[in-house]
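# A structural walkthrough
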2 protein chains.
Amino acid sequence: MNPQPSSTVTIRDVALAAGVHVSTVSRALNPDKRSLISAEVLKVVEEAARKLGYRPNRAASALRTGRTHTIGVLVPDITNPVFPPILQGIEASAAARGYFVFVTNVVDHALARPIVERMLAQRVDGLVLAIATRDDPLVDYIGKAGLQAVLVNRADETGRLPAVVSDDRLAMKLAVDHLVSLGHRRIAHLAGPQNVPTGVGRRQGVEQALRDRGLELASVEECEGYSREAGRAAMQRLLDVYERPQAVVCCNDLVALGAYDVLRERGIRVPQDISITGHNDMPLVDMVNPPLTTIRLPHRELGWRAAEMLFDGIEGRAPSAFTVVLRPELVVRESTRDVAGEL
Amino acid sequence: MNPQPSSTVTIRDVALAAGVHVSTVSRALNPDKRSLISAEVLKVVEEAARKLGYRPNRAASALRTGRTHTIGVLVPDITNPVFPPILQGIEASAAARGYFVFVTNVVDHALARPIVERMLAQRVDGLVLAIATRDDPLVDYIGKAGLQAVLVNRADETGRLPAVVSDDRLAMKLAVDHLVSLGHRRIAHLAGPQNVPTGVGRRQGVEQALRDRGLELASVEECEGYSREAGRAAMQRLLDVYERPQAVVCCNDLVALGAYDVLRERGIRVPQDISITGHNDMPLVDMVNPPLTTIRLPHRELGWRAAEMLFDGIEGRAPSAFTVVLRPELVVRESTRDVAGEL
DNA sequence: GTGAAAGCGCTAACAG
DNA sequence: CTGTTAGCGCTTTCAC
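These remarks concern the structure in this document. (Residues numbered from 1 in each chain as written. Chains lettered and ligands numbered in written order. Predicted model: local features only at pLDDT ≥ 70, side-chain atom pairs only at ≥ 80, totals over all residues. Heavy atoms only, no water.)

## Describing the protein's contact with DNA strand D
We count it as follows: Note on terminology: near, applied to a residue and a molecule or strand, indicates that one of the residue's heavy atoms is within 4 Å of it. Here a polar contact is taken to be a pair of N or O atoms separated by no more than 3.5 Å, where protein atoms must pair a possible hydrogen donor with a possible acceptor and residues adjacent in sequence count only if both atoms sit in side chains. The secondary structure listing takes helices from DSSP runs of H or I that are at least 4 residues long and strands from runs of E that are at least 2 residues long, numbered from the N terminus. Asp, Glu, Lys and Arg are counted as charged, while Ala, Val, Leu, Ile, Met, Phe, Trp, Tyr, Cys and Pro are counted as nonpolar; the rest, among them Gly, fall into the polar class.
Taken together, 24 residues sit near DNA strand D, with H21(A), T24(A), I11(B), Y54(B) and R64(B) positioned nearest. At 3.4 Å from a base oxygen of DNA strand D is found a side-chain nitrogen or oxygen belonging to S23(A). At a separation of 2.5 Å, a phosphate oxygen of DNA strand D approaches a polar backbone atom of I11(B). At the level of secondary structure, the elements contributing two or more residues to the surface near DNA strand D comprise α2 (22–29) and α4 (58–65) of chain A together with α2 (22–29) and α4 (58–65) of chain B. The element best represented in the surface near DNA strand D is α4(B), accounting for four residues. Of the residues in the surface near DNA strand D, the class split is nine nonpolar, 10 polar and five charged.

## A few points about the protein's contact with DNA strand C
Around DNA strand C there are 24 residues in total, and I11(A), Y54(A), R64(A), T24(B) and V41(B) lie nearest to it. Per the 4 Å cut-off to the protein, sugar and phosphate atoms form 64% of the nearby atoms of DNA strand C. The backbone of N57(A) places a nitrogen or oxygen atom 3.0 Å from a phosphate oxygen of DNA strand C. When residues of the surface near DNA strand C are traced back to their parent elements, those giving at least two are α2 and α4 of chain A together with α2 and α4 of chain B. The greatest single-element share of the surface near DNA strand C, amounting to four residues, is contributed by α4(A). Residue composition of the surface near DNA strand C, grouped by class: nine nonpolar, 10 polar and five charged.

## So, the sheet that holds strand β9 (residues 275–277) of chain B
Residues and elements named next belong to chain B. Filter applied, for reference: If DSSP finds at least two bridges between two strands, the strands pair. Only C-alpha atoms enter the line fits that serve as axes; for helices the fit covers just the stretch in contact. Angles between N-to-C directions range over 0 to 180 degrees. The contact criterion used throughout is that any non-hydrogen atoms of two residues lie within 4.5 Å.
Sheet architecture is open: four strands sit in the order β7-β6-β8-β9, paired in parallel fashion. Only two strands of the sheet have a single partner each, and these edge strands are β7 (219–222) and β9. Direction aside, neighbouring strands of the sheet carry axes that sit 15° apart on average. Inspection of the sheet shows strand β6 (residues 187–191) paired to β7 by four bridges, in the parallel sense. If you follow H189 over to β7, its bridge partner there is V220. Each of β6, β8 (247–250) and β9 touches helix α8 (residues 168–181); the most contacted strand, β8, lies at about 170° to it. Packed on one face of the sheet, helix α11 (residues 253–265) meets β6, β8 and β9 and runs near 155° to β9.

## Some remarks on the packing of aromatic side chains
For clarity, the cut-off: Pairing of aromatic side chains here covers Phe, Tyr and the six-membered ring of Trp, requires ring centres within 6.5 Å, and sorts the geometry by plane angle: under 30 degrees stacked, over 60 edge-to-face, intermediate tilted. Under the scheme applied here, a residue whose accessible area is under 20% of the maximum for its type counts as buried, over 50% as exposed, and between as partly exposed, the area being computed with a 1.4 Å probe on protein chains only.
This model, assessed by the stated rule, comprises five aromatic pairs over all chains. On the basis of an interplanar angle of 40° and a centroid distance of 5.0 Å, the ring pair of F100(A) and F102(B) is categorised as tilted. A residue pair is termed interchain when its members come from two chains, as with F100(A) in strand β2 (residues 100–105) and F102(B) in strand β2 (residues 100–105). For F100(A), a relative accessible area of 1% corresponds to the buried category.

Rendered as structure tokens:
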């Protein structure tokens, strides 16, 4: 009575058991074509399929239809806490549509191309890229291969691929406006790598927001990466080279924590002596000392929207937008302090 | 000259271009059968394949051979920071062997079965499960379906499936021994859910380690989950019901942070008034206030080893072990304090 | 060492 | 509404 372990139950077996032709079974089991089948036959087929524990072979269907119901996702480092929620959003969208998600960790950017080639061999229906650097030849390659793809968390400036991003400039404006409203004037920036779009966008955001308030950037240092270690190094340079700023807008939380490290070593107190802001609101930054004022991104929604756009493309629907820009929000904690009353 | 975008380059096209039969191409491009082909023909075929940008269609090969070169991974919550490094280990092993990894987030345990069924339909070659609860019918189902599978981070007590785990008892012994050596005697435990193996194992580990030192558990509360919120609730109960302990061994870091929350609210200082230990050494617990003394697990290796075992099984090699137990290590920070000199 | 031929399980014209 | 037929691209006996 129990459904069999499937192993080798094919559409043929079901057809035999139901006393109909295989194509009838195929139609009966395909939601889109079910309507072509009489209610009577439908029942018999479904019953037979159920009894035998039939499970359509996706590999066979993929060969025939060219659609595998799989997508690939490339992330630079899955242990970076911004990516899990993005993946979760992607996977939730995929699961809801009956797709599976190949997740790959692109440790070294040179490996991205071979990974995409392997995905092509696997005949994925589309790709979500969380890794494109500025002006990436990979984007060209994907375009030429005629593959559906969406970028997430990084836009393609040349507009070849649709993208879902958070508004980096707005994010930095929120941070700067917050600091200015607290009375800060000498504001520095620990910038992200200037060869990735987010690094550039956030830096421009800081500069523009400052300009809007009639101020200019006190000083800036570029980090080699979005890591605590890079933040530490950059903060050291910032303090060694320039006059100490009243506040530092960091390109992300990890960098801000690296800045914390340096400040603690040098006996500079946050926020009494200097205010710090981050970006991402990664888990536990509300638990560090002091709790970090930062920018919260809708990471899960970023992933979800990217996946939805991808599926729209795959299923031939016109995408509703080419670039989707989501709104970040400011989360005020204790790493920023009001200095308006002081001279 | 540039390799074509593949789209429709098949083995036939290569055969035609090389002036040989398709089966020759198939052999030439299969590392295991390459030796059957003359060096001369080999060169011609490889050249043709390269020139055309040929990319073997895995869906076709899967249909023919029954092997898809894909595995599935089920995790309960990818945003829980223990899982990304495990996934990273799995993915690294898979990539090295030319496999892809389907990652799924099993939000609700009732969804696990349908997900496994869809994976079966997708004809994955094997499964890594990070989700089994004690005595899970899913394990039976997988066994019956004849699917290769390995558990990670959770053992199957009935021994039906191979597993890679960290030594939970040893972990707790490390924590307890550390606290005892600091002079603590009244030691409590915030236990994990007793319907998952790790919850039970860690609790037993605490009790045994205490017994080994001639002590007994001062008090214990069970958390509803491995979350900060659950830790908060359990810590509240612990303080409300029992005499305040000198130290609390927590079943994991999130729970320990929940305990921090309660202690802070009640003005009980860590570590001056009470020592706290965690488990997992998740990112940033070295940055919280105070930095958490905890147990570090080899998460990445857990994933790697699980994947390696799975591939051994898939490729017909006898697995080198049925259960692999990895060693955790103690990381001492500032949430535990020496009280030996005090009365 | 290479070619011929069959078929993995499924879907999609095309008939009827 | 259902059956017939062909074939997706690849691998693998079986011949020669």
